[in-house]
Amino acid sequence: MTPIVVSGEEDKPRPVPWQNDMAEHLPNATLWRLEKIGHSPIQEAPDGVLPRLLDFLDRVEKSG
């Protein structure tokens, strides 16, 4: 399964360079960075995360 790094571009504890580094070090990782979001994208922007997550899970399920 492909790892996903879900992050906010305004995350102070884990800023953008850290997010990039994390995604680069996870094999085949996908980086989702949300604009105007801080450290908790799932709580701060569920409407932005949930559709992408459901689409991702649907593709994983179909790929077997």
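The text that follows walks through the structure, step by step, so that each part is easy to find. (Residues numbered from 1 in each chain as written. Predicted model: local features only at pLDDT ≥ 70, side-chain atom pairs only at ≥ 80, totals over all residues. Heavy atoms only, no water.)

**Here's the deal with the packing of aromatic side chains**
Where we set the bar: Pairs were defined over the aromatic rings of Phe, Tyr and Trp, the Trp ring being its six-membered one, requiring ring centres within 6.5 Å. Orientation was assigned from the angle between planes: stacked under 30 degrees, edge-to-face over 60, tilted for the rest. Helix numbers and strand numbers start at the N terminus; a helix is a DSSP run of H or I with at least 4 residues, a strand a run of E with at least 2. Burial classification: accessible surface area is computed with a 1.4 Å probe over protein chains only, and a residue below 20% of its type maximum counts as buried, one above 50% as exposed, and the rest as partly exposed.
Across all of its chains, the model carries 1 aromatic pair by this definition. Where Trp32 meets Phe56, the ring centres are 6.3 Å apart and the plane angle is 85°; that geometry is what we call edge-to-face. One end of the pair, Trp32, is in strand β2 (residues 30-34); the other, Phe56, is in helix α3 (residues 46-63), with 24 residues separating them in the sequence. We note that Trp32, like Phe56, is buried.

**Concerning α3**
Given 3.6 residues per turn, any residue in an α-helix points the same way as the ones three and four places further on. Quick note on the threshold: How far a helix is expected to stretch is found by multiplying one less than its residue total by 1.5 Å.
If you check α3, its first and last C-alpha atoms are 25 Å apart, about what 18 residues at 1.5 Å a residue would give, namely 26 Å. Directly beyond the C-terminal end of α3, a positive phi value near 90° is found at Gly64.

**Notes on the environment of Asn20**
As a reminder of what qualifies: Only heavy atoms matter for contacts: two residues are in contact if any of them lie within 4.5 Å across the pair.
Residue position: Asn20 is located in helix α1 (residues 16-25). Judged by relative accessible area, which is 28%, Asn20 ranks as partly exposed. Sequence separation between Asn20 and Ile37 is 17 residues; the distance between their C-alpha atoms is 16 Å. Discounting chain neighbours no more than four positions away, the residues touching Asn20 are Leu31 and Arg33.

**Notes on the side chain of Ser7**
Looking at the element boundaries, Ser7 is found in strand β1 (residues 4-8). In this structure Ser7 comes out as buried when scored by relative accessible area, which is 3%. With residues up to four places along the chain from it excluded, the contact list for Ser7 reads Gln19, Leu31, Trp32, Arg33, Leu34 and Pro41.

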